[in-house]
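Architecture and fold: a report
What follows is each chain in one-letter form.
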Amino acid sequence: MRVKLLLLLLSVPTVPLFAQDVSAFENQQLPGLVDTYKILHAHPELSHFEANTSATLAAELRKAGYTVTDHIGVYPDGSKAFGVVGILKNGAGPTLLVRGDMDALPIIEETGAPYASHVMTKTKSGQDTGVMHACGHDVHTTVLLGTARALAAAKSQWHGTLMIIGQPSEETIDGAKAMLADHLYERFGKPDMVIGLHDTNQHPAGTVGITPGPAMASSTSVDVTIRGIGGHGAYPFVGRDPIVLSALYITQIQTIVSREEDPRDPVVVTVGDIHGGTKRNIIPDQVKLELTARAFSDKSRQIVLDGLRQIATGIATSAGLPPDKMPTVTVLDDESTPALYNDPAMSARVKATLEKTLGAANVFEDPRAMGSEDVGVFSLNEKIPTVYFWLGAMYPDRFAAATAAGKQLPGMHTSHFEPDPEPTIATGVKSLTAVAISLLP
């Protein structure tokens, strides 16, 4: 299937790169880009497995005139990542990193779109699941490709160096770290600026949003194991039921947010995965939980982590469990990412370009979001100015109807998330291209 997918994508006609008018070039390549998007959408790949998507992006960047290196990235276990780097030098000037991510999510798609994904796989825990681009990384990859082509066709309008990054494993928030661990900047040069975009259900296609300053929360992945004393389901008093203890833990950790955190510094704690037990009449020995904690400040993040440990110990102690049955709370540093900070001065420049390109009525200033992104890792702790903006992706008529009814259309990480391909991709390419040209005068 991998070879077939690559051949299908490479068969999509591309536009010659001698076009001089950027807008006309973008319009001319749009039908082919939409076809590429639909193929990518129908053949999604999970984090750490983006072989086809990365190969396609690498091949297309080479055709557009970029010097391309693929398989960039090393994970902590030593395995290689599928990162793609495309370099295009165009005289003296700054270096601009333009980033797009490529991976999909373990979700069964229910959009009913004619190009919907029917891919099935197993999770690392052995559960059957579908694979879906439920976060729009297929949009991001397509927009990245279209932008790279447009900028190659418009070399007379900018100067400097383009660093096009196809990033793997954003959903596990370890892809950017993996690329830096593979000496990305030592090998290809450190950029002077970083830009990118993310689609959203909060705006209709044809519009964008931007958030100066703190834009997206940090995300910290945490594994918790609640231990007990297993036994027969008929005799719970003989042991200690870790399922009941886990239920108490899940409810009590929300008091970290409601009673320990400053309400002016938002925090979210979510238990997204629970595994415990094998049969209805057996009390298990332990329950495993997977959590995420999201915050904007290091102080709030630490309050959450301290609270998770204290509450786990407190519940186990109150249940009379011995020291060897105390719970464990493990922070997964490799699956965590810092808050995203949009450089204010650069954000002002980007916003002005977006307003000039799309019209002021189509550019929104959005509030900060509790969602997380590892694009900020490329900024090296805010040392490199970074701006990441939102790309409206919803069908305008559906968006208007939902807004009139006081509802929201299905959002990211849901089985019904469905971008409107043509205007979303067109706006993404036009916006990202214009921003890049404005930053590389």
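As a reminder, the structure under discussion sits directly above these lines.
No experiment lies behind these values; they were computed from the predicted model shown. (Residues numbered from 1 in each chain as written. Predicted model: local features only at pLDDT ≥ 70, side-chain atom pairs only at ≥ 80, totals over all residues. Heavy atoms only, no water.)

Okay, the overall build of the protein next. When you go through the protein residue by residue, the secondary structure sums to 12 helices and 18 strands. In terms of C-alpha radius of gyration, the protein reaches 23 Å, essentially the compact-globule figure of 22 Å for 441 residues. Referenced to the eigenvectors of the C-alpha coordinate spread, the extents of the protein come out at roughly 80 × 50 × 45 Å. Across the 441 residues of the protein, 53% fall into the buried class. Partitioning the contacts of the protein with sequence separation of at least 6, the portion at a separation of at least 24 is 82%. (Helix = DSSP H or I, 4+ residues; strand = E, 2+ residues; numbered from the N terminus. Rg over C-alpha atoms; globule rule 2.2 N^0.38 Å. Buried < 20%, exposed > 50% of the residue type's maximum accessible area, 1.4 Å probe, protein only. Contact = heavy atoms within 4.5 Å.)

The strand order 12-14-10-15 describes an open sheet built from 4 strands, whose pairing is antiparallel. Of all strands in the sheet, those with a lone pairing partner are strand 12 (267-276) and strand 15 (328-337), marking the two edges. On average, adjacent strands in this sheet sit at an angle of 20 degrees to one another, irrespective of strand direction. As judged from the 10 bridges shared by strand 10 (residues 218-227) and strand 14 (residues 286-295), these two strands associate in the antiparallel manner. Counterpart to serine 221 in the pairing with strand 14 is threonine 292. Running over the sheet, helix 9 (residues 298-318) touches strand 10, strand 12, strand 14 and strand 15 and is turned about 155 degrees from strand 15. (Pairing = 2+ DSSP bridges. Axes fitted to C-alpha atoms, helices over the stretch in contact; angles between N-to-C directions.)

Our focus in this paragraph is the pattern of salt bridges. Pairing is possible between side chains that carry opposite charge, provided their charged atoms lie close to one another. Enumeration according to the criterion identifies 13 salt bridges in this entry. Arginine 99 is the salt-bridge partner of glutamate 373, the closest N and O atoms lying 2.8 Å from each other. With glutamate 373 in the loop between strand 17 (363-365) and strand 18 (386-394) and arginine 99 in strand 3 (residues 95-101), the pair connects residues that are 274 residues apart, well separated along the chain. An identical accessibility class is assigned to glutamate 373 and arginine 99; each is buried. Lysine 351 is the partner of glutamate 365 in a salt bridge, and the nearest nitrogen-oxygen pair spans 3.0 Å. Placement of the pair is glutamate 365 in strand 17 and lysine 351 in helix 10 (residues 344-358), with a sequence separation of 14 residues. One salt-bridge network, held together by shared partners, links Arg99, Asp101, Glu373 and Asp374. (Salt bridge = Lys/Arg side-chain N within 4 Å of Asp/Glu carboxyl O.)

On to the side chain of histidine 140, then. Positionally, histidine 140 belongs in helix 4 (residues 137-153). Among the residues examined, histidine 140 registers a relative accessible area of 3% and is labelled buried. At 3.1 Å, the side chain of histidine 140 and the backbone nitrogen of aspartate 199 are in polar contact. Discounting residues that sit within four places of it in the chain, histidine 140 has contacts with Asp101, Cys135, Leu197, His198 and Asp199. (Polar contact = N/O pair within 3.5 Å; in protein donor to acceptor, adjacent residues only side chain to side chain.)

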